[in-house]
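Inside the fold
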Amino acid sequence: MDATPEGGASAPADRKAAPIELRDVRKQYPDGTVAVDKLSLSVNAGELAVLIGPSGCGKSTVLRMINRLIEPTAGEILIDGEDVTGVDAVRLRRRIGYVIQNVGLFPHQTIHTNVGTVPRLLGWPKQAIRARADELLDLVGLDPARYGKRYPHELSGGQRQRVGFARALAADPVVLLMDEPFSAVDPIARSGLQREFLRLQAEVRKTVVLVTHDLDEAVRMGDRIVVLSQGGHLEQFGTPAQLLGEPASPFVREFVGKDRGIRRLAVMPVTEDMLTPAGDVTDQLPAVDLGTSLYDALAAMLVTNADYAEVKDGARTAGLISRHRILSIDYPAEQAEDPSGE
Ligand SMILES: Nc1ncnc2c1ncn2[C@@H]1O[C@H](COP(=O)(O)OP(=O)(O)OP(=O)(O)O)[C@@H](O)[C@H]1O
């Protein structure tokens, strides 16, 4: 049940995130196109799942069936165990945050008003809406006193996108759906925004389904990644490390590409068992923390032209990691499946 029933008097206490389950979902458009067929998957509460796959494989269709902007032809979609196809679509959408590429802010409304859209529809009192909008703007790193009264065109693309996140989170939805939310901003702003979003997600822990066509983004952002091929066919649903280390099909292997070895370093941490004892002289070596990605550790060595990096565990030196150790990470699944070693 909604923590703030329509006409309710106050802002909600923090709601927990809800799991999402798709059971044998199918979407056939009126012209006969089967965009998604027999798709089943479960996203845990508080998990960030990324949908990725080639153009036209049905990513947006899946996302938009979850909030019923598109009605599935068959199958069930459950949010918190409840089949959404039986729920009033408008009420459903008020429990689901939705962020799209160009944000879709209302151009003639201030940032405050934009962020307060759903709470207003839910009938919250004015003061509660205002307080919530301020809180959310703070949360996404925009000073409400400075930006609240502005109009969308008076913000940068990245700032507008943050307002989009704030608006999507305003009524404390149990699920957040995001369709290419970072693709409209330039690459530098994009990585900042991705980091910001991960920080935000660590705080609010929503169940997030994010559509992207950018594999790096998927690897960086996803707790798990769903790889779809044409017709919404599920190729693999796994952690970034599983996807890159053990592609489940030739399709996934091709999709993650030949540079998956490098990408994989970005999702593998430096661990104690990789270290050799540190000698006396560590002054000249770059230092990285235990748990840093192998990619970052390697980058630290490359920029200083060192063969080793000192690995710190707090103030303590845990040991050294070598370039060679990082570059000799093996790929058991690949070797087993591909005797040519390609
Ligand atoms: N309204 C529609 N009527 C008919 N076919 C449609 C409709 N909307 C989408 N499709 C088709 O359904 C398939 C899946 O489309 P969808 O937009 O879900 O893919 P996508 O993976 O999000 O693609 P992209 O990465 O290019 O945005 C495509 O073949 C598309 O042409």
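Residues numbered from 1 in each chain as written. Predicted model: local features only at pLDDT ≥ 70, side-chain atom pairs only at ≥ 80, totals over all residues. Heavy atoms only, no water.

The name given to the protein in an unreviewed UniProt entry is ABC-type quaternary amine transporter, and the organism recorded there is Asanoa ferruginea. Under the UniProt heading Sequence similarities (unreviewed entry), the entry covering the protein gives this text: "Belongs to the ABC transporter superfamily." (UniProt positions renumbered as here; feature names shortened; annotations may be inferred.)

The nonpolar side chains of a soluble globular protein tend to be buried, and buried together. Formed by 40 residues in total, the largest nonpolar core has its most connected members in Val115, Phe165 and Phe197. Examining the composition of this core, we find that 5 residues originate from one element, helix α7 (residues 157–169), more than from any other. Apart from residues no more than four positions distant in its own chain, phenylalanine 197 is found in contact with Leu48, Phe165, Leu176, Met178, Phe182, Val208 and Met221. Among the nonpolar cores identified, the runner-up in size contains 30 residues, and Ile66, Ile77, Val175 and Leu177 belong to it. (Core = buried A, V, L, I, M, F, W, Y, C linked by side-chain atoms within 4.5 Å. Buried < 20%, exposed > 50% of the residue type's maximum accessible area, 1.4 Å probe, protein only. Helix = DSSP H or I, 4+ residues; strand = E, 2+ residues; numbered from the N terminus. Contact = heavy atoms within 4.5 Å.)

The buried fraction of helix α1 (residues 59–66) amounts to 6 of the 8 residues, a majority that puts the element mostly inside the structure. Three or more residues of α1 are buried, namely Lys59, Thr61, Val62, Leu63, Met65 and Ile66. Backbone geometry just after α1 places arginine 68 at a positive phi near 60°.

Applying the stated criterion across every chain, the model contains 16 salt bridges. Put simply, arginine 23 and glutamate 21 hold a salt bridge, and the shortest N to O gap is 3.0 Å. Judged by its relative accessible area of 36%, arginine 23 falls in the partly exposed class. Linking arginine 162 and glutamate 196 is a salt bridge whose minimum nitrogen-to-oxygen distance equals 3.5 Å. Placement of arginine 162 in helix α7 and of glutamate 196 in helix α8 (residues 187–204) is noted, with a sequence separation of 34 residues between them. Residue glutamate 196 is classed as partly exposed on the basis of its relative accessible area of 21%. (Salt bridge = Lys/Arg side-chain N within 4 Å of Asp/Glu carboxyl O.)

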